[in-house]
Amino acid sequence: MEMRILRRWLTIVLIVGIGTPVRGQAVTADSVLRSITRGVAFLKSKQNDRTGSWNGYEDYPEGLTSLVTLALLSAGEDVRSPHIQRALAQVRAVGRPVQVYSTALRTMVLCMAEPEKDRLAIEENVRWLEAIQTKSGTYSGAWSYGRNTREDNSNTQFALLALYEAQRIGIDVEPAIWERSQRHFRLSQRDNGSWAYFNHPAAPIPGTGSMTCAAVCSLVICNEALRYSGVKDQTKVVCCGDSEEDAAIGQGLRWLGRFPLTGNPGSGSYVMYFLYGIERTGRLTGQRFLGDHDWYREGAKFLLRRQDSLKGFWRGDGPVEQDLLVASSFAILFLAKGRRPVLLSRLNHASGGDSNDWNLHRRSLRNLTHHVEKSWKKTLSWQTIRMRNAAVSDLLQSPVLFLSGQQAIRFSVEEERMLKEYVEQGGFLFVEACDGQGCDGEAFDRSFRDFVARQFPDSPLRSLPPDHPVWYAEHRIRATDLPDDLWLYGVDACCRTSIVYCPKPLSCYWDLDSPLARAHLPESIKPQVLAGTEVGINVLAYATNRELRDKLDLVAVTLDVVEQPGARGVFRLPKLSHSGGADDAVNAVQRILGALTQDVDMRVSGERLLLSPTDPNLVKYPIVFMHGRREFRFSQRDRKALRAYLDRGGFLFADAICASQGFSNSFRREFQAIVPEATFDILPADHDLFGDTFSGASVRQVTLRDPQSRRDDQPLEASLRRTSPQLEVLKIDDRIAVVLSPYDISCGLENQSSPQCKGYIQRDAARIAINIILYGLGQ
């Protein structure tokens, strides 16, 4: 009776949300996707129905057609679509190369679309581009429009982009090409860190944003190509020897970081071309920020404002960008390629100075991301996050943080707290000590183990056994497949192993496994390198479940919002303690409370309460939550107290973390003993609890993540299927007093579901929980 009286004074009012959005997230994933869709429709509408080309710039054979086709493919247009196939037919019909811009664009399109089919044409273009590079003099290493014209950095950029894409599909490029271009860009940089269109020593002209982007990306490409040009002669794996930052790239990035993304710095035109370059610069260097500018968010905001509201095109600045096809293609390339989901981020944990200890294998994450893209058939990105001045919300932009080094980690107390909170909020730490293979990481190893002992005292670092999913999440890996002494260790936090640690330099193998080098790896090291990459892919598959949020999706941080003691009309939801993992999903209740606030405007308190069954305060709460992942048993005193709680009108809601049968079986046994006159029944799919009667949303159909049975050589995968929720209920005097979900809700709420975790996706887990709470309060 007391519980029913208590429910009557629970009021529903709006308060500050428990989920706090990340700062600066005005541009949404949906608005960008709508913008891209409208822009794509505009480009398609301008395709010549008879020829399949986009008309314009006849002096550059099918250059415009190639640019538009690149934009469409980058936006997700299927290569088999009629628009793309008709365009490719025109690109293939072009005769011998005559112009650098058009030849480079055609090469990039053919590499992206159907490279095996067009390999001979790609190789012909590569040889022509190699032949017309300037080989000596002031402009050595640069390209012009064609033969007998002046060299410039824009044509040079396009030539290098084409050669890079060709080499990535296995067509060798002469190393001297990269060497000359690398030297050209290093010599032509202005004192302030920028680059100009022309390199004219006698009359230097100011640098611009678009050309600085071109130079930075060209140096990244040349450095990478030269890094792997001698890999065929490497007889053993040697690590930690190539960590120094390219000074010219660093200066260029710092110069770019001084300007907003509302115009082309140093120029009154070519803003769309500048944004096209900024996207590539951020992606190739793994930068989320340039200076203080979140380049993708700022650029997307600018482009969304500039798009024509009726026809979906863009118009840029300057004569070339008055061509709507050119401007719109550059805009779509920025929006589509820049929005690639973030797979992981390298954590810059330098405490000060210019230490590169956090980045000993500079190309490792770019290479690993490439191989994950191939494996998952998704376009992805990686980035770098600086620990200093970061907030938890910044860290949560990445599902995985990669932490690496040789030297001792020197986190502040606040930084350690943030990393722990990152894990508790659903993040994943992938950590390695660069020790061995030429590295000395003993200091890092000791400091990381100390960090774990301080922050996760109840979850010691443990060796991950051969049956742990990290060993088969994507590739089946056995101990005999691994390089000597390489093994993985983990920390179980929340709903899964949330920290994976390798005491050896795993990223060294990723650094060697470039798409430019894999075909040339010597047999003496190739098995080790490939095994190292497979371990990395497995950890990421386990950590993310191959489910990545859009780059612009809102990220909410769960905070504890505590009302004043004794405040009336405030809903509190305690957890019931037991020995089977009562607090393993540490933020599940806070996520439920946040959903109640956001979806039904309920006034709640985020006070964390973990009460034993015999706690005298239990009767103050109309609803109690319980979850777990292991077997447990109540004492006779516990059972008696819980029966008294239920008889007085109490309501208990429980779920089995990751569909733990041990917990579910224990729960049924214990509550059958507590209420022996009743039995657990499946709640019918048409029951009011699943509808919107109690101000919740209908959950009659939800999405369940269901792990698939697998053979030993198959990856761990889970299907998503629509179904009715499965709830089991126990009644006292025709009143539902106990609700059990045998499928996971808690880990779904925390967004920590691993591939082997059977349960509801995050949004449906929240809706089911809301309906159960509202039903319990409304009885």
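All values derive from a computational prediction rather than experimental measurement. (Residues numbered from 1 in each chain as written. Predicted model: local features only at pLDDT ≥ 70, side-chain atom pairs only at ≥ 80, totals over all residues. Heavy atoms only, no water.)

Colleague: I'd like a rundown of the packing of aromatic side chains, residues and numbers included.
Modeller: Tallied over the full model, the rule gives 33 aromatic pairs. The structure contains a cluster of three or more aromatic residues connected by ring pairs, namely Tyr 57, Tyr 60, Tyr 101, Tyr 145, Phe 158, Tyr 273, Tyr 276 and Phe 330. If you follow Arg 449 out to its NZ or CZ, it ends over the ring of Tyr 489, 6.0 Å from the centre. (Phe/Tyr/Trp six-rings, centres within 6.5 Å; stacked < 30°, edge-to-face > 60°. Lys NZ or Arg CZ within 6 Å of the ring centre and 35° of its normal.)

Colleague: Could you give me a rundown of a nonpolar patch on the surface, with the residues and numbers involved?
Modeller: On the surface, Tyr 57, Tyr 270 and Val 320 cluster together into a nonpolar patch covering about 220 Å² of accessible area. Considering the arrangement of structural elements, one finds Val 320 in the loop between α12 (295-306) and α13 (324-338). Accessibility expressed as a relative area gives 31% for Val 320, which makes it partly exposed. (Patch = residues over 30% accessible without salt bridge, like charges linked within 9 Å, V, L, I, M, F, W, Y side chains within 5 Å. Areas by Shrake-Rupley, 256 points an atom, 1.4 Å probe, with all protein chains shown as cover. Salt bridge = Lys/Arg side-chain N within 4 Å of Asp/Glu carboxyl O. Helix = DSSP H or I, 4+ residues; strand = E, 2+ residues; numbered from the N terminus. Buried < 20%, exposed > 50% of the residue type's maximum accessible area, 1.4 Å probe, protein only.)

Colleague: Any chance you could break down helix α21 (residues 636-647) for me, citing the residues and the numbers?
Modeller: Over its 12 residues, α21 extends 17 Å from the first C-alpha to the last, a length consistent with the 16 Å expected when each residue adds 1.5 Å. The first or second residue beyond α21 is Gly 649, which carries a positive phi of 100°. (Expected span 1.5 Å × (residues − 1).)

Colleague: Before we move on, could you go through the packing of helix α14 (residues 364-376) against helix α19 (residues 526-544) and cite the residues and values that matter?
Modeller: Two elements in contact, α14 and α19, have axes separated by 10 Å at closest approach and are oriented at 65°. The orientation of α14 with respect to α19, classified from their angle, is roughly perpendicular. Here α14 and α19 pass one another in a crossing that is right-handed. Contacts between α14 and α19 involve Leu 368, His 371, Val 372, Ser 375 and Trp 376 from the first element and Thr 533, Gly 536, Ile 537, Leu 540, Ala 541 and Thr 544 from the second. (Axes fitted to C-alpha atoms, helices over the stretch in contact; angles between N-to-C directions. Parallel < 35°, antiparallel > 145°, perpendicular 65-115°, else oblique. Left-handed = near helix turned anticlockwise from the far one by under 90°. Contact = heavy atoms within 4.5 Å.)

Colleague: I'd like to hear about the packing of helix α2 (residues 29-45) against α12, residue by residue, with values.
Modeller: Taken N-terminus to C-terminus, the directions of α2 and α12 make an angle of 50°; their axes are 11 Å apart at the nearest point. It follows from the interaxial angle that α2 and α12 lie oblique. Regarding α2 and α12, the two cross each other, and that crossing is left-handed. Along the contact surface, α2 presents Ser 31, Val 32 and Ser 35, while α12 presents Tyr 296, Ala 300 and Leu 304. The residue makeup of the contact of α2 with α12, split by class, is four nonpolar, two polar and no charged. (Nonpolar A, V, L, I, M, F, W, Y, C, P; charged D, E, K, R; others polar.)

Colleague: Got a sec to walk through the confidence of the model for the chain? Specific residues and values, please.
Modeller: Per-residue pLDDT for the chain has a mean of 90; in total, 92% of the residues score no lower than 70. Contacts from residues 1-25, a stretch scored under 50 in pLDDT, to residues over four places away or in other chains number 74 contacts. (pLDDT = per-residue confidence, 0-100.)

Colleague: Outline the state of the cysteines, listing residues and values.
Modeller: Under the defined criterion, the tally for this structure stands at two disulfides. A sulfur-sulfur separation of 2.0 Å characterises the disulfide bridge that pairs Cys 239 with Cys 508. The S-S bond linking Cys 239 to Cys 508 shows a torsion near -90°; that makes this disulfide left-handed. Highlighted residues: Cys 239 in the loop between α9 (209-227) and α10 (247-256) and Cys 508 in helix α18 (residues 506-512), separated in sequence by 269 residues. We note that Cys 239, like Cys 508, is buried. Disulfide partner of Cys 658: Cys 757, at an S-S distance of 2.2 Å. Here the disulfide of Cys 658 and Cys 757 is left-handed, its torsion about the S-S bond being about -100°. Note that Cys 658 is positioned in the loop between β15 (651-656) and α22 (661-674) and Cys 757 in the loop between α23 (746-750) and β21 (759-760), a separation of 99 residues in sequence. (Disulfide = S-S within 2.5 Å.)

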